[in-house]
Amino acid sequence: QVRLVESGGQLVQAGGSLRLSCAGSGLPFNIYAVGWFRQAPGKEREFVAHINWSGGSTNYADSVKGRFTISRDNAKNTVYLQMGSLKPEDTAVYSCAAIRGAGSFYAKSYEYWGRGTQVTVSS
């Protein structure tokens, strides 16, 4: 059974930092690209970042570029999202997703999803 489990979300003040983790099991994690998406209340889910299978290629949404960094440790079957200079508008449920092959900006392309972790940024 494939599982993706996010962790690390919490309440943080604006300007602060958080590191989210996405732990995978039940799949050959090191051949899957992983994406992070977020959904705020009343808004559509949006792309945040993705990383290819090796970690050698990454892409970011313009809204997080320069503030967030995605990385992975395939020995631990884990992808990380380091978030810095957090803003209240970063408040959302953050979910990770896996796709075999190249990463994608589009949520519907991903095969497997975690349940998400809540990030709340207070002003």
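Everything numeric here is computed off the predicted structure, so don't read it as measured data.

> Can you tell me about unusual backbone geometry, naming the residues and giving the values?
Phi is positive for Asn-77, which is not a glycine, with a value near 55°. At Ser-85, a position not held by glycine, the phi torsion is positive, near 45°. Relative to the assigned elements, Ser-85 resides in the loop between strand S8 (78–83) and strand S9 (92–100). With a relative accessible area of 44%, Ser-85 lands in the partly exposed category.

> Can you explain the packing of aromatic side chains? Please cite residues and give values.
The tally for this structure, following the rule as stated, stands at six aromatic pairs. Look at Phe-37 and Tyr-110: their rings are 5.3 Å apart centre to centre, the planes differ by 80°, and that puts the pair in the edge-to-face class. Of this pair, Phe-37 sits in strand S4 (residues 32–39) while Tyr-110 sits in the loop between S9 and strand S10 (112–113), and the two are 73 residues apart along the sequence. Of the two residues, Phe-37 and Tyr-110, neither departs from the other in class, the shared state being buried. Arg-45 extends its terminal NZ or CZ atom over the ring of Trp-113, reaching a point 4.2 Å from the ring centre.

> Mind laying out the environment of Ala-33, listing which residues take part and the relevant values?
Locating Ala-33 in the fold gives a position in strand S4. Along the chain, Ala-33 and Ser-85 lie 52 residues apart, while their C-alpha atoms are 26 Å from each other. Non-local contacts of Ala-33, meaning those with residues more than four positions away in its chain, are made with Ile-51, Asn-52, Trp-53, Arg-72, Ala-97, Ala-98, Ile-99, Gly-101, Ala-102, Gly-103 and Tyr-110.

> A description of the sheet that holds strand S1 (residues 3–7) should follow, citing residues and the corresponding values.
Read from one edge to the other, the open sheet built from four strands follows the order S1-S3-S8-S7, with strand pairing classed as antiparallel. Both edges of this open sheet fall to S1 and strand S7 (68–73), since each of them pairs with a single strand only. Here the average twist between neighbouring strands, direction ignored, is 15°. Across six bridges, the pairing between S7 and S8 is antiparallel. By the bridge assignment, Phe-68 is partnered in S8 with Met-83.

Conventions and cut-offs
- Residues numbered from 1 in each chain as written.
- Predicted model: local features only at pLDDT ≥ 70, side-chain atom pairs only at ≥ 80, totals over all residues.
- Heavy atoms only, no water.
- Helix = DSSP H or I, 4+ residues; strand = E, 2+ residues; numbered from the N terminus.
- Buried < 20%, exposed > 50% of the residue type's maximum accessible area, 1.4 Å probe, protein only.
- Phe/Tyr/Trp six-rings, centres within 6.5 Å; stacked < 30°, edge-to-face > 60°.
- Lys NZ or Arg CZ within 6 Å of the ring centre and 35° of its normal.
- Contact = heavy atoms within 4.5 Å.
- Pairing = 2+ DSSP bridges.
- Axes fitted to C-alpha atoms, helices over the stretch in contact; angles between N-to-C directions.

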